[in-house]
Amino acid sequence: MLFNSFEFLVFFFITIIVGNLLKNRWQNLFFLLTSYYFYMAWQPSSISCTAMATDGFKFYTDRLYCDFKINPYVFILIFSTIIDYFAARLIEKKQDGDSARGWLLVLSLVVNIGTLGFFKYTDFLLGVINDIHLLGDFQFAKQNIILPVGISFYTFQSMSYTIDVYNRKIEARKSFLDFALYVAFFPQLVAGPIVRAETFFRDLDFRLGVYKENIDAAFALILIGFTRKIVFADNLARVVDSTFSNYQNLNSIEIWTGALAFGWQIYFDFAGYTDIAIGVARLFGFQFNPNFNFPMSCRNIADHWSKWHISFSTWIRDYIYIPLGGSRVSVIMYIRNIMITWLFAGLWHGAAYHYVGWGLWQGTMLLSHKFYGDTTLAKYLNGKGGRVYDLFARVFTMFCLAFGFIMFRAETMEKAVPMMKALLFLNDSVAPIARWNNYRFGILLLICFTASYIFSKRQIPTLLTGSWLKYTTFVIVNVLLLLLFGVTESQNFLYFQF
């Protein structure tokens, strides 16, 4: 179910009205059932009730959806929930040093990673085997396995809970209902943010009162989320789609514009989704941590990743990078830790070579920044460079990110490579450099960059507090933007595919 749909509007009002009439466990049960309904409202695009499969796994999934209107992939969510609930309860009861604790954790990880791996990576791994001819001339056929929406998010969320129980950071939840709601709570179920168990259960046990200030803050988040998605992301999608489908006929500046436009598109799209999710959760008494903090005008790549998809970047830091040894190791091992972590990040986003390339590029940028930051030149410029160096660093970071944007958006590395060459003006296009078809989008991107820099210094919440005039102006401006420039056709949020 899309946030930007009439169906969600009806669902939301029914859920919040009925939910607030119920109390305690009845309320939690109602929220759990509505969350499952929210998830089941998603229909896999390849399930067609007019041409159902006649055998195999797809036969059963088609029957479930077409004959009974049950989204079969909700059972994967429920299965993962059951395994992690009982694994965590048993882990907590075992004494430290008992090998059974380790095996129970392994069971949880194998189920979650195995399920995610089957649906997300089967075709990719079979393709790798085909590409390297591991079995000689034999080639595996593509399986076309449907990726359940949100599986990357809820498996990570559920795994982090089990790992934290194993490490004695939190206590295992005794109520299955509470844990199931943690995994499936609808605002952040399908595209994050990845909420830690201690944050969710804190608010579940001591629900925030939904007072006027909370309603105002939630409404502001929801409104700016829709503006980011419908006004900015969906309009930028036009130049992005045009650029990536027609890159052979574009000059380097046009491809630069398309690459940067995609970076801003995915930022507005994903930040918009999480703004709406956090705002909706706030109306139900939950206060989730921000997932973005103006990451598109940062002065270096480390700063960028401290402000972009924060719930994910902190997840891979805590559960991948630090267990590998973090930065308190030799230089060689530090390089290894960074590259493994970001290879994992690339593969988490998608099972394809271009996602692997994107992840390795992020790792390479982070290593380059680290080693450059230790030089005398960097220390001098950071101290004496002033505003000129500060602006140069921010623009340079954005241009470096553009190479990653291309790899992230391109369907294949074969498509990404010539586009990245074009960024270096090494493409073979005969399109005249003076013909800049995307000039108006270039101006829009410059405005976005400037606005992001300004707001990152002052922060939107501080602009809305203490004055009804500021808040009213904020609401009016966003409503006008939605009415004048909003794309009316409902479009999927980009991170649904991950």
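Residues numbered from 1 in each chain as written. Predicted model: local features only at pLDDT ≥ 70, side-chain atom pairs only at ≥ 80, totals over all residues. Heavy atoms only, no water.

### Things to note about the overall build of the chain
Alright, step 1. Check the secondary structure of the chain and you find 20 helices and zero strands.
Alright, step 2. Residue pairs at least 24 apart in sequence account for 75% of intrachain contacts in the chain once pairs closer than 6 positions are excluded.
Alright, step 3. For the chain, the accessible surface area stands at approximately 24100 Å², while carbon and sulfur atoms represent 66% of it. (Helix = DSSP H or I, 4+ residues; strand = E, 2+ residues; numbered from the N terminus. Contact = heavy atoms within 4.5 Å. Areas by Shrake-Rupley, 256 points an atom, 1.4 Å probe, with all protein chains shown as cover.)

### Some details on the environment of L105
Alright, step 1. Relative to the elements of secondary structure, L105 occurs in helix 5 (residues 99–131).
Alright, step 2. For L105, a relative accessible area of 12% corresponds to the buried category.
Alright, step 3. Once the C-alpha coordinates of L105 and L90 are considered, the two residues, 15 residues apart in sequence, prove to be 9.7 Å apart.
Alright, step 4. Look past the residues within four positions of L105 in its chain and what remains in contact with it is I91, T162, I163 and Y166. (Buried < 20%, exposed > 50% of the residue type's maximum accessible area, 1.4 Å probe, protein only.)

### Some points on the pattern of salt bridges
Alright, step 1. Enumeration over the complete set of coordinates arrives at 18 salt bridges.
Alright, step 2. For D203, the salt bridge is made with R202, and the minimal N-O distance between the two is 2.9 Å.
Alright, step 3. Classification of D203 by relative accessible area gives buried; the value is 3%.
Alright, step 4. Given the relative accessible area of 41%, R202 is considered partly exposed. (Salt bridge = Lys/Arg side-chain N within 4 Å of Asp/Glu carboxyl O.)

### Here we look at unusual backbone geometry
Alright, step 1. A positive phi is found at H309, a non-glycine position, where the angle reads about 45°.
Alright, step 2. Looking at the secondary structure, you find H309 in the loop between helix 11 (301–305) and helix 12 (310–324).
Alright, step 3. Taking relative accessible area as the criterion, H309 reaches 0% and is therefore assigned buried.
Alright, step 4. You will see that F425, though not glycine, has its phi angle at about 60°, which is positive.
Alright, step 5. Relative to the helices and strands, F425 is located in the loop between helix 17 (413–423) and helix 18 (439–458).

### As for the environment of V356
Alright, step 1. In this structure, V356 sits in helix 14 (residues 353–373).
Alright, step 2. Judged by its relative accessible area of 17%, V356 is buried.
Alright, step 3. Taking the C-alpha atoms as reference points, V356 and L343, separated by 13 residues in sequence, lie 6.0 Å from one another.
Alright, step 4. Each residue touching V356, except ones within four places of it in the same chain, is listed here: F124, L343 and L347.

### Things to note about the packing of aromatic side chains
Alright, step 1. According to the stated counting rule, one finds 60 aromatic pairs in the structure shown.
Alright, step 2. Residues F185 and F286 carry aromatic rings whose centres are separated by 4.8 Å and whose planes lie at 45° to one another, so their mutual orientation is tilted. Separated by 101 residues along the polypeptide, F185 in the loop between helix 7 (176–184) and helix 8 (197–205) and F286 in the loop between helix 10 (252–283) and helix 11 bring together distant segments of the chain. Taken as a pair, F185 and F286 share a single burial class, namely buried. (Phe/Tyr/Trp six-rings, centres within 6.5 Å; stacked < 30°, edge-to-face > 60°.)

### As for helix 10
Alright, step 1. Over its 32 residues, helix 10 runs 46 Å from end to end, which matches the ideal 46 Å to within 8%, given 1.5 Å per residue.
Alright, step 2. Two or three places before I253, at the start of helix 10, stands the capping residue N251, its side-chain oxygen 3.1 Å from that residue's backbone nitrogen. (Expected span 1.5 Å × (residues − 1). Polar contact = N/O pair within 3.5 Å; in protein donor to acceptor, adjacent residues only side chain to side chain.)

### Observations regarding the side chain of Q188
Alright, step 1. For Q188, the position within the fold is in the loop between helix 7 and helix 8.
Alright, step 2. Engagement of the side chain of Q188 in a polar contact is seen with the side chain of Q157, the distance being 3.1 Å.
Alright, step 3. Dropping the residues within four chain positions of it, Q188 is found in contact with Q157, Y182, P193, V195 and F288.

### Observations regarding a nonpolar patch on the surface
Alright, step 1. There is a patch of nonpolar side chains on the surface, built from F6, L9, V10, F13, I14, I17, V18 and L21 and spanning about 790 Å² of accessible area.
Alright, step 2. Mapped onto the elements of the fold, V10 is located in helix 1 (residues 6–21). (Patch = residues over 30% accessible without salt bridge, like charges linked within 9 Å, V, L, I, M, F, W, Y side chains within 5 Å.)

### Here we look at the nonpolar core
Taken as a class, soluble globular proteins show a tendency for nonpolar side chains to be buried jointly.
Alright, step 1. If you look at the biggest cluster of nonpolar residues, it comprises 128 residues, and the most contacted ones within it are Y39, Y161, F200, W264, Y267, F284 and I406.
Alright, step 2. The greatest single-element share of this core, amounting to 19 residues, is contributed by helix 10.
Alright, step 3. Beyond its immediate chain neighbours, meaning those up to four positions away, Y267 contacts R228, G272, F292, F294, P295, M296 and W308.
Alright, step 4. Ranked by size, the runner-up nonpolar core spans six residues in total, among them A220, Y471, F474 and V475. (Core = buried A, V, L, I, M, F, W, Y, C linked by side-chain atoms within 4.5 Å.)

### So, the packing of helix 1 against helix 2 (residues 24–40)
Alright, step 1. Their axes nearest at 10 Å, the elements helix 1 and helix 2 cross at an angle of 170°. When the axes of helix 1 and helix 2 are compared, the pair comes out roughly antiparallel. Of the residues in helix 2, those touching helix 1 at E7, F8, F11, I14, T15, V18, G19 and N20 are Q27, F30, F31, T34, Y37 and F38.
Alright, step 2. The residue makeup of the contact of helix 1 with helix 2, split by class, is eight nonpolar, five polar and one charged. (Axes fitted to C-alpha atoms, helices over the stretch in contact; angles between N-to-C directions. Parallel < 35°, antiparallel > 145°, perpendicular 65-115°, else oblique. Nonpolar A, V, L, I, M, F, W, Y, C, P; charged D, E, K, R; others polar.)

### Examining the side chain of T15
Alright, step 1. You can see T15 is positioned in helix 1.
Alright, step 2. Ignoring any residue separated from it by four or fewer positions in sequence, one finds T15 in contact with F30, F31, T34, F186 and F284.

### Let's talk about the environment of L208
Alright, step 1. Within the secondary structure, L208 sits in the loop between helix 8 and helix 9 (212–245).
Alright, step 2. Judged by relative accessible area, which is 28%, L208 ranks as partly exposed.
Alright, step 3. On a C-alpha basis, the gap between L208 and L283 in space is 9.0 Å, while along the polypeptide they are 75 residues apart.
Alright, step 4. If we skip the residues at most four places from it in the chain, L208 touches G285, F286 and Q287.

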